[in-house]
Structures are given as C-alpha cells and as structure tokens.
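Residues per chain are reported as follows:
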Amino acid sequence: MREAGPLDLDEVVPLRLALLRDETATPGRRLLHPDAERRARVIFAKQLRSPREVTLLAESDGAVIGILRVVAAPPSPLHAEFRHAYLTSAYVVPTARRRGVLRALVAHALAWCEAHGVAEVRLHSAVGNAAAARAWDALGFGVAEELRRRVLGLR
Ligand SMILES: CC(C)(COP(=O)(O)OP(=O)(O)OC[C@H]1O[C@@H](n2cnc3c(N)ncnc32)[C@H](O)[C@@H]1OP(=O)(O)O)[C@@H](O)C(=O)NCCC(=O)NCCS
C-alpha cells in the first residue's frame, strides 16, 4: 500500500479508466468520450500533484492491483468548523477481489484523513452495484442521502 505521486500516472490511468468503463453500465452514468484517455491523463496528472487529495495504490508482486482516491472537501464558510473528505475511484482488478484489498486501502485512507483533521468520510455508490454496496456496508459506510434524478428526452 502506498501513496501515488506524479510518476505513477501510467499506473493510475488504466485503473481509473477501467472503473469508468465499468460504470457506463450504471444508470445515470454516461458513455466515455472518444478522447477520454488523453483528457484523463491531463486531469489525473493535476490531481496527483494536489495537496488536498491523495491517491492510494495497492501492489502485489510489483503490479498495481487496486486504487482509492481521498479528496478533502473545502471547508464551508457557512458552517462551524467541520472537515469532511470523499473517497472516490475505488477499484480492485478482478483477479484480486475478495482478498481484502479495498479493506486495506480504506484503512490507509482513514489514517490519512485522521492525519489531515477530517471528521467524516463520504462516498457515492451507484444503486445496483451490489458488490460495492456490500463492501461499503462491511467497511462501516452507512447510507446517509439519496440522489434522485429525472431523465429528460434531450440529446
Ligand atoms: C467493490 C470493490 C472495490 C471491492 O474490492 P475488494 O478488494 O474485493 O474488497 P475486499 O476484499 O476488501 O472486501 C471487504 C469486504 O467487503 C465485502 N465485499 C466485497 N466484495 C463483495 C462482494 N462481491 N460480495 C459480497 N461482499 C463483498 C465483504 O464483506 C468483504 O469482506 P470479506 O471478504 O472478509 O467477507 C471491487 O469489487 C471492485 O473493484 N469492483 C468494481 C469497481 C467498483 O464497483 N468500485 C466501487 C465504486 S463505489
């Protein structure tokens, strides 16, 4: 388990694109843009340099097998001091699943949050992703909000 840096871009891009491709099967998510990979490299490179977030990588036998990103939310100017962070981009390669990789990534993420004064950790998980729902339940993340949507007939 380690924190990724800018030199890990080539490891990060395929895992995050694999997750985005998985998610295209989820209601409410869109198909990937034809130029997504090139754009992803620009965006992810910036994220890997940001002090407000960390990308965690799980490795086994020298290969990256899992990823999890932690992003600290900016403090709200309208609320009393309270810091929260988001977990995002959780992905474990299919051959390494159910071996505790996500559990280990989350443990590292929570330690990062504590070290950065974060009081609460949030994440989004799509309805219909049963494995993710089971995993987040097992790791102590209860459901706190609903995201409702209405699809309009525009193209
Ligand atoms: C969801 C995902 C990240 C879980 O990663 P993982 O490394 O397999 O998870 P872990 O092995 O750490 O599992 C931790 C616990 O979650 C639960 N869990 C994980 N996957 C599960 C599954 N498919 N079915 C039932 N429970 C599951 C179990 O309780 C497990 O503990 P146990 O194995 O000791 O019983 C992985 O399945 C994945 O990458 N899926 C595709 C991408 C995705 O959906 N990401 C989440 C977006 S919100």
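Anyway, here's the lowdown on the structure attached to this text.

Definitions and limits used
In every chain, residue numbers begin from 1 and rise along the written sequence. Only residues with pLDDT of at least 70 get local features here, since the model is predicted, and only at 80 or more are side-chain atom pairs given and counted; chain-wide, interface and lining totals rely on the full set of residues. Values shown for side chains rest on all heavy atoms present in the structure; no hydrogens or waters enter the calculation. Aromatic rings from Phe, Tyr and Trp, with only the six-membered ring used for Trp, were paired whenever their centres fell within 6.5 Å, and each pair was classed as stacked if the ring planes differed by under 30 degrees, edge-to-face if by over 60, and tilted otherwise. The buried label applies to any residue whose accessible area, calculated with a 1.4 Å probe on protein chains only, is under 20% of its type's maximum; exposed applies above 50%, and partly exposed to all values in between. We count a charge as sitting over a ring when the NZ of a lysine or the CZ of an arginine lies within 6 Å of the ring centre and within 35 degrees of the ring normal. Salt-bridge detection follows one rule: a side-chain nitrogen of Lys or Arg within 4 Å of a carboxyl oxygen of Asp or Glu. A run of H or I in DSSP becomes a helix once it reaches four residues, and a run of E becomes a strand once it reaches two; helices and strands are each numbered from the N terminus. Near residues are defined by distance, with any heavy atom within 4 Å of the molecule or strand qualifying the residue. Polar contact is defined as a pair of N or O atoms within 3.5 Å, subject to the rule that within protein one atom must be able to donate a hydrogen and the other to accept it, and that residues adjacent in sequence are counted only when both atoms are side-chain atoms. Only Asp, Glu, Lys and Arg are considered charged in this grouping, and only Ala, Val, Leu, Ile, Met, Phe, Trp, Tyr, Cys and Pro are considered nonpolar; every other residue, Gly among them, is considered polar. Strand pairing requires that DSSP identify at least two bridges connecting the strands. In what follows, residue pairs with any heavy atoms lying within 4.5 Å of each other are defined as contacts. Throughout, an axis means a line fitted to C-alpha atoms (over the contacting stretch in the case of helices), and angles, computed between N-to-C directions, take values from 0 to 180 degrees. Put simply, the grid is 1 Å and covers the protein atoms alone, a cavity is a trapped set of points that fit a 1.4 Å probe, a pocket is an open set with protein on both sides within 12 Å along at least five of seven lines, and lining residues have an atom within 4 Å of a point. Grid points are joined across faces, edges and corners, and a volume is the space filled by probe spheres set on the points.

Applying the stated rule across the entire model yields 1 aromatic pair. Residues W136 and F141 carry aromatic rings whose centres are separated by 5.4 Å and whose planes lie at 80° to one another, so their mutual orientation is edge-to-face. Of the two residues, W136 and F141, neither departs from the other in class, the shared state being buried. A cation over a ring is seen here: R16 above F44, with NZ or CZ 3.7 Å from the ring centre. If you follow R97 out to its NZ or CZ, it ends over the ring of Y91, 5.3 Å from the centre.

Side chains bearing opposite charge may pair, as long as their charged atoms lie close to each other. If you walk through the whole model with that rule in mind, you get 8 salt bridges. The partner of R41 in a salt bridge is D10, with the nearest N and O atoms 2.9 Å apart. Remark: D10 occurs in helix α1 (residues 9–23) and R41 occurs in helix α2 (residues 36–49); sequence separation between them is 31 residues. Of the charged contacts, one joins R39 and D35 as a salt bridge, the two residues approaching to 3.6 Å between their closest N and O atoms.

Attention shifts here to the environment of V93. Within the element layout of this structure, V93 appears in the loop between β4 (84–92) and α3 (101–115). Between the C-alpha atom of V93 and that of E81, which follows or precedes it by 12 residues, the distance is 38 Å.

Of all residues adjacent to the ligand, which total 21 residues, the nearest are A90, V92, R98, G100 and N129. Residue G100 places a main-chain N or O atom 2.8 Å away from an oxygen atom belonging to the ligand. In this structure, an oxygen atom belonging to the ligand sits 3.5 Å away from a main-chain N or O atom of V101. Where the shell around the ligand is concerned, the elements lending two or more residues are α1, β4, α3 and α4 (130–138). Ranked by the residues each element gives to the shell around the ligand, the list is headed by α4, at 6 residues. Among the residues forming the shell around the ligand, the class breakdown is 11 nonpolar, 4 polar and 6 charged.

Strand pairing in a sheet relies on backbone hydrogen bonds. The paired strands run either parallel or antiparallel. The 5 strands lie next to each other as β1-β2-β3-β4-β5, forming an open sheet whose pairing is mixed. Sheet topology places β1 (2–3) and β5 (120–123) at the edges, where each strand pairs with a single neighbour. Pairing between strand β3 (residues 63–72) and β4: 6 bridges, direction antiparallel. Each bridged residue has a counterpart across the sheet, and for G66 the counterpart in β4 is V92. On the sheet, α3 packs against β1, β2 (53–60), β3, β4 and β5 and is oriented at approximately 35° with respect to β3.

As a further point, take the layout of surface pockets. Estimates place the volume of the largest pocket at around 1,400 Å³. Every residue lining the largest pocket is counted, 44 residues in all, and those nearest its centre are L19, A90, Y91, N129 and A132. Of all the secondary-structure elements, those providing two or more residues to the lining of the largest pocket are α1, α2, β4, α3 and α4. Per-element accounting of the lining of the largest pocket gives the leading share, 7 residues, to β4.

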